[in-house]
Amino acid sequence: ITTFIHGHQVLVNCGYSYPLFSRMFPTLNQPLIELVHQTAKTLGRPIYLVDIGAAVGDTILLVSSNCREAVQHYYAIDGDREFFSYLKHNLASRNDCTLLNALLSSDVGSMPSLIRTHQGTASAQGTGEVQSTTLDRLLHDVINASKIDVIKIDIDGFDGRALAGAREALKIASAVIFEWHPILYRQTGNSWLEPFDILNECKFIHLVWFNKFGNFSQITDVPSQEVLDNMAEYCLADIGDDWHWDVVALKSDTGISMTDLARMHFAQRRISRW
């Protein structure tokens, strides 16, 4: 069907939920907008953004509609063939995007096939096996050219697996924003501790947490396993509530202000353009 996402006419599958949710909850993606703005401001130049779980292109349309001049180039990655066909259609006229049809994990090998848990997402919970690769291998030349600044990940419980295959990319990146969704980690058989273990190993020790509606929650360093387990159990206690967080991870030497990220002054001023 044809609809509009962030002012752009797009083609999506019937039942794709993002256009509805972005209108119902206009604060939903404010953390990403603020992170892109703050990173470009800190680096003093437009950034390179990696979008893992690009779906039909809504993240790129969101960012370009709200802070177009902050991004030099996008690397949009999605493993679902139907979503990727819409991604190509919706971004066909752009010359600032590299589109890649791939499933990311910790190793080059195989992973569970994708299934639709609902029409707005594809999750690796299938009974079959499909080919996987790593971000480091997929963007090898880009990494060697130091053209990665922000990595956004939203792949339904496989965020930690993708980070485990991105250690070289993390060496040059300034920030990561990912979805920490313990319900999906349990459903996919992955560890909800893994993203934090990888980030801590790669010196992304400072975290800014936002709730599932995009509102600021807290600032911490990487929590202990006990704290993370307690937070996960809170999310799992009521499956119907679907509780989760979006987490921004920063290195100590990035210079990006965690307080400015939390306040989201820039993103809040852009809300009328969503």
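Just above sits the structure.
Keep in mind that this is a model prediction, so the values were computed, not measured.

Visitor: Give me the packing of aromatic side chains: which residues, what numbers.
Guide: Throughout the structure, instances matching the rule amount to twelve aromatic pairs. Look at tyrosine 16 and phenylalanine 83: their rings are 5.7 Å apart centre to centre, the planes differ by 75°, and that puts the pair in the edge-to-face class. With tyrosine 16 in the loop between strand S2 (8-11) and helix H1 (18-24) and phenylalanine 83 in helix H4 (residues 81-90), this residue pair connects regions lying 67 residues apart in the sequence. Residue classification places tyrosine 16 among the buried positions, given a relative accessible area of 9%. Judged by relative accessible area, which is 2%, phenylalanine 83 ranks as buried. A centroid spacing of 6.3 Å and a plane angle of 85° characterise the contact between tryptophan 243 and tryptophan 245, whose relative ring orientation is edge-to-face. Of the two residues, tryptophan 243 and tryptophan 245, neither departs from the other in class, the shared state being buried. Site record: aromatic cluster; members linked through ring pairs are Phe21, Phe25, Phe178, Trp180, Phe196, Trp209, Phe213, Trp243 and Trp245.

Visitor: Describe the pattern of salt bridges, with residues and values.
Guide: For the coordinates displayed, the defined rule picks out six salt bridges. Where aspartate 149 meets arginine 45, a salt bridge forms, and the shortest distance between an N and an O atom there is 2.9 Å. Taken together, the residues aspartate 149 in the loop between helix H6 (140-144) and strand S10 (150-153) and arginine 45 in the loop between helix H2 (30-43) and strand S3 (47-52) connect sequence positions 104 residues apart. The salt bridge partner of aspartate 96 is arginine 94, with a shortest N-O separation of 2.9 Å. You can call aspartate 96 buried: its relative accessible area is 15%. What makes arginine 94 buried here is its relative accessible area of 17%.

Visitor: Describe unusual backbone geometry, with residues and values.
Guide: Unlike most non-glycine residues, histidine 6 shows phi in positive territory, near 50°. With respect to the secondary-structure elements, histidine 6 resides in the loop between strand S1 (2-5) and S2. By relative accessible area, which is 6% here, histidine 6 ends up buried. Phi angles above zero are rare outside glycine, and lysine 203 is one such case at about 70°. Residue placement: lysine 203 occurs in the loop between helix H10 (194-201) and strand S12 (206-211). Since its relative accessible area comes to 58%, lysine 203 is described here as exposed.

Visitor: Help me get a handle on the nonpolar core, residues and values and all.
Guide: Leu135, Leu139, Ile151 and Trp180 are the most contacted members of the largest nonpolar core, which totals 49 residues. Looking at this core element by element, the count peaks at five residues for helix H11 (residues 225-237). Setting aside residues up to four positions removed in sequence, leucine 139 forms contacts with Val50, Tyr75, Ile77, Leu100 and Ile148. Tyr18, Ala54, Leu87 and Phe266 belong to the second-largest nonpolar core, a separate cluster that totals 43 residues.

Rules used in this analysis
Residues numbered from 1 in each chain as written. Predicted model: local features only at pLDDT ≥ 70, side-chain atom pairs only at ≥ 80, totals over all residues. Heavy atoms only, no water. Phe/Tyr/Trp six-rings, centres within 6.5 Å; stacked < 30°, edge-to-face > 60°. Helix = DSSP H or I, 4+ residues; strand = E, 2+ residues; numbered from the N terminus. Buried < 20%, exposed > 50% of the residue type's maximum accessible area, 1.4 Å probe, protein only. Salt bridge = Lys/Arg side-chain N within 4 Å of Asp/Glu carboxyl O. Core = buried A, V, L, I, M, F, W, Y, C linked by side-chain atoms within 4.5 Å. Contact = heavy atoms within 4.5 Å.

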